[in-house]
Amino acid sequence: VRIFSGIQPTGRKHLGNYIGAIRQWVEHQDRGDPAIYCIVDLHALSLPYDPPELRTGLYDLLALLLAAGLEPEGSVLFRQSDVHEHTELTWMLSAVTAVGELNRMHQFRDKSVGQRELVSAALLYYPVLQAADVLAYRAHEVPVGEDQREHLELMRDVARRFNARFGEDILVVPEHRIPEIGGRIMDLQEPANKMSTTGGTAEGTVLVLDDPATIEKKIKRAVTDSGSDIVRAPDKPGVTNLIDILAVARGVAPHAVEQEMRSARGYGDLKAATAQAVIEMLAPVREGYAELRGDEQRLEAILAAGAEKARAMARETLSDVRDAMGVGPPRR
Ligand code: AQP
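Note that the coordinates shown come from a computational prediction; the quantities given were computed from them, not determined experimentally. (Residues numbered from 1 in each chain as written. Predicted model: local features only at pLDDT ≥ 70, side-chain atom pairs only at ≥ 80, totals over all residues. Heavy atoms only, no water.)

A.B. asks: Teacher, can you tell me more about the overall build of the protein here?
C.D. replies: Check the secondary structure of the protein and you find 12 helices and 5 strands. The C-alpha atoms of the protein give a radius of gyration of 21 Å, which matches the 20 Å a tight globule of 332 residues would have. The principal-axis extent of the C-alpha atoms belonging to the protein is close to 75 × 45 × 40 Å. In the protein, which comprises 332 residues, the proportion classed as buried is 53%. (Helix = DSSP H or I, 4+ residues; strand = E, 2+ residues; numbered from the N terminus. Rg over C-alpha atoms; globule rule 2.2 N^0.38 Å. Buried < 20%, exposed > 50% of the residue type's maximum accessible area, 1.4 Å probe, protein only.)

A.B. asks: Mind showing me how you'd approach helix H5 (residues 106–113) here?
C.D. replies: An α-helical turn contains 3.6 residues, so any two residues separated by three or four positions project in the same direction. Listed as buried for H5 are Gln107, Phe108 and Ser112. Each buried residue of H5 lies within a common arc of 115° when the element is viewed along its axis, so the set occupies one face. Relative to its buried face, H5 has exposed residues pointing more than 90 degrees away, namely His106, Asp110 and Val113. Buried residues in H5 make contact with helix H4 (99–104), helix H6 (121–135) and helix H7 (149–166). (Arc of directions from axis to C-beta. Contact = heavy atoms within 4.5 Å.)

A.B. asks: Please clarify how the site of the ligand should be interpreted in this entry.
C.D. replies: Near the ligand there are 22 residues, and of these Lys13, Asp147, Lys194, Ser196 and Thr198 occur at the shortest range. In this structure, a nitrogen atom belonging to the ligand sits 3.1 Å away from a main-chain N or O atom of Gly16. Residue Met195 places a main-chain N or O atom 3.0 Å away from a nitrogen atom belonging to the ligand. Protein burial of the ligand: of its 640 Å² of free accessible surface, 96% is covered by the chains. Looking at the shell around the ligand, the element that brings in the most residues is helix H1 (residues 15–28), giving 4 residues. Along the lines of polarity and charge, the residues of the shell around the ligand split into 5 nonpolar, 12 polar and 5 charged. (Near = heavy atom within 4 Å. Polar contact = N/O pair within 3.5 Å; in protein donor to acceptor, adjacent residues only side chain to side chain. Areas by Shrake-Rupley, 256 points an atom, 1.4 Å probe, with all protein chains shown as cover. Nonpolar A, V, L, I, M, F, W, Y, C, P; charged D, E, K, R; others polar.)

A.B. asks: What exactly am I supposed to notice about H6 here?
C.D. replies: The end-to-end C-alpha distance of H6, which contains 15 residues, comes to 21 Å, matching closely the 21 Å that a straight helix rising 1.5 Å per residue would cover. Judged by how many residues are buried, H6 sits mostly within the fold: 12 of 15 residues are covered. (Expected span 1.5 Å × (residues − 1).)

A.B. asks: When you look at the packing of aromatic side chains in this model, what are you seeing that I'm missing?
C.D. replies: Note on aromatic pairs: each is described by the distance of the centres and the angle between the planes. Taken as a whole, this structure holds 4 aromatic pairs when the rule is applied. Judged by centre distance (5.4 Å) and plane angle (15°), the rings of Phe4 and Tyr137 are stacked. Separated by 133 residues along the polypeptide, Phe4 in strand E1 (residues 3–7) and Tyr137 in the loop between H6 and strand E4 (141–143) bring together distant segments of the chain. For Phe4, a relative accessible area of 2% puts it in the buried group. Judged by relative accessible area, which is 0%, Tyr137 ranks as buried. The structure contains a cluster of three or more aromatic residues connected by ring pairs, namely Phe4, Phe78 and Tyr137. (Phe/Tyr/Trp six-rings, centres within 6.5 Å; stacked < 30°, edge-to-face > 60°.)

A.B. asks: Explain unusual backbone geometry to me, please; I cannot follow it from the model alone.
C.D. replies: Negative phi values dominate among residues other than glycine, just as trans dominates among peptide bonds. In this chain, Asp33 is followed by Pro34 through a cis amide linkage whose omega measures -10°. Within the fold, Pro34 resides in the loop between H1 and strand E2 (35–39). The phi dihedral of Arg138 falls on the positive side, at around 50°, and the residue is not glycine. Inspection of the secondary structure puts Arg138 in the loop between H6 and E4. Its identity is not glycine, yet Asp169 carries a phi of approximately 70°, on the positive side. Mapped onto the secondary structure, Asp169 falls in the loop between H7 and strand E5 (175–177).

Purely geometric numbers; function is a separate question.
Here it is as structure tokens:
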């Protein structure tokens, strides 16, 4: 099965990104034929950003991914902007994407209201570029968090529409893989909202690279709910979130956590156990990051090798797409 997923270039990745995406990437890298993982620097241009920070953030993230256990030899790990086929395919796909659909995307709606100076066309086009990322590789499976469900549905519609218009089986219609537990980790201070890079609270967002004392402080101050039962329930978003985080960090089912917590003396025990488990889960990543981050030459070499592998795959798809769309000289 061909797996594809992307992530934006910043070292300020949070527990939601780790549980919803990064952990899945590592877990499934051996199953991929291949597993293709992309640092999507072009997506980062859709909101205001600082160019030098984009570069350093990219190295930060690559070091973090390697420290989390991604193996660049067995998989394809690369930088989006190194493979020009992504942007070319974006344009091709835009011919079968409705402006109305893009306008309705929740992410566009949420993020455009926050822009004071300029709502960029790039923000509107974000899901088309994302569709191109995946469809360029004819990937079957896309591991993502719950917040990407809508973009994945759009991507599937675009692929179907493209095939119906230009020829069956040119593009593969991909499936998402959203984890059952941990697909939507919530902000610890505002458990009705997802933990987020651009929204959310600083106090309620645990960063993968936070030191243990900071992680402990943030989790111990997490907002919980009324009552004292430690169970997952719709009217207990704070407690449910902590149970899910603890279950994922320990690699057990949430009901095992609920059972263990029956003898707890209150939410304090749940918070202490969660903090401990998250610290243990993230410690190797933080330590590995510190070792790997300094050698930018090695990081560039990894990206270059990944881009070469990625380009060979994307080129094949684009050749078929150009041919089917009647673009460029006829293929011999
Ligand atoms: N709270 C979350 N719980 C589970 N999974 C999550 N993801 C994001 N938030 C949660 C998943 O992590 C990946 C992030 O990809 P990205 O770095 O390209 O996305 P992003 O948009 O910069 O990250 P955020 O935090 O989601 O930023 P905001 O909230 O600003 O848009 C994706 O697979 C995503 O589903």
